[in-house]
Amino acid sequence: MTFDTWFNEQSRIVQVLLLIIPFVGWVVEILVRLSALLRNPSGINLIGFILFIFLGGFWIPAIIDLIFLIIEGRLILTE
């Protein structure tokens, strides 16, 4: 699964748009985190995947992730 590499190749505008759409953002984040976990099974990827499954439906983690994406160019807790 290479969804995380596809997501990271997109422009920042496309990434931000994919994350701010309510249901689509949650699905995109789950797919990116799952893809990163399968490609690189590390503790950080596992923690990010588990946390976002349980807390991803709330707006606070999504906003923090969006800000981190804009600043750092990647999702928080992914390698």
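Residues numbered from 1 in each chain as written. Predicted model: local features only at pLDDT ≥ 70, side-chain atom pairs only at ≥ 80, totals over all residues. Heavy atoms only, no water.

### Some thoughts on the layout of surface pockets
- In this structure, the largest pocket encloses a volume near 160 Å³.
- Contributing to the lining of the largest pocket are Arg33, Gly48, Leu51, Phe52, Leu55, Pro61, Ile64, Asp65, Ile76 and Leu77.
- Going through the elements one at a time, helix H4 (43-55) and helix H5 (59-72) are the ones with two or more residues in the lining of the largest pocket.
- Here the element with the most residues in the lining of the largest pocket is H4; it accounts for four residues.
- Residue composition of the lining of the largest pocket, grouped by class: seven nonpolar, one polar and two charged. (1 Å grid on protein atoms, 1.4 Å probe; cavity = no way out; pocket = protein on both sides within 12 Å on 5 of 7 lines; lining within 4 Å. Points joined across faces, edges and corners; volume = space filled by probe spheres on them. Helix = DSSP H or I, 4+ residues; strand = E, 2+ residues; numbered from the N terminus. Nonpolar A, V, L, I, M, F, W, Y, C, P; charged D, E, K, R; others polar.)

### So, the packing of helix H2 (residues 12-20) against helix H3 (residues 22-39)
- Two numbers describe how H2 lies on H3: the axes approach to 5 Å, and their chain directions differ by 110°. The angle between H2 and H3 falls in the class roughly perpendicular. For the pair H2 and H3, contact is made by Leu18, Leu19 and Ile20 and by Pro22, Val24, Gly25, Val28 and Glu29, respectively. (Axes fitted to C-alpha atoms, helices over the stretch in contact; angles between N-to-C directions. Parallel < 35°, antiparallel > 145°, perpendicular 65-115°, else oblique. Contact = heavy atoms within 4.5 Å.)

### Regarding unusual backbone geometry
- Phi is positive for Leu77, which is not a glycine, with a value near 60°.
- You can see Leu77 is positioned in the segment after H5.

### With respect to a nonpolar patch on the surface
- A cluster of nonpolar side chains, namely Ile44, Leu46, Ile47, Ile50, Leu51, Ile53, Phe54, Leu55, Phe58 and Leu77, defines an oily patch on the protein surface of about 910 Å² accessible area.
- Looking at the element boundaries, Ile53 is found in helix H4. (Patch = residues over 30% accessible without salt bridge, like charges linked within 9 Å, V, L, I, M, F, W, Y side chains within 5 Å. Areas by Shrake-Rupley, 256 points an atom, 1.4 Å probe, with all protein chains shown as cover. Salt bridge = Lys/Arg side-chain N within 4 Å of Asp/Glu carboxyl O.)

### Regarding the nonpolar core
- Counting residues in each nonpolar core, the largest one holds nine residues, listed as Phe7, Val16, Leu18, Leu19, Val28, Val32, Leu66, Leu69 and Leu75.
- Those elements giving two or more residues to this core turn out to be H2, H3 and H5.
- When residues of this core are assigned to their parent elements, the largest contribution, three residues, is made by H2.
- Every residue in contact with Val32, bar those within four places of it in the chain, is listed here: Phe3, Asp4, Phe7 and Leu75. (Core = buried A, V, L, I, M, F, W, Y, C linked by side-chain atoms within 4.5 Å. Buried < 20%, exposed > 50% of the residue type's maximum accessible area, 1.4 Å probe, protein only.)

### What to know about the packing of aromatic side chains
- For the coordinates displayed, the defined rule picks out two aromatic pairs.
- Residues Phe3 and Trp6 carry aromatic rings whose centres are separated by 5.3 Å and whose planes lie at 35° to one another, so their mutual orientation is tilted. In this pair, Phe3 and Trp6 both sit in helix H1 (residues 3-9), three residues apart, roughly one turn of the helix.
- With a relative accessible area of 23%, Phe3 lands in the partly exposed category. (Phe/Tyr/Trp six-rings, centres within 6.5 Å; stacked < 30°, edge-to-face > 60°.)

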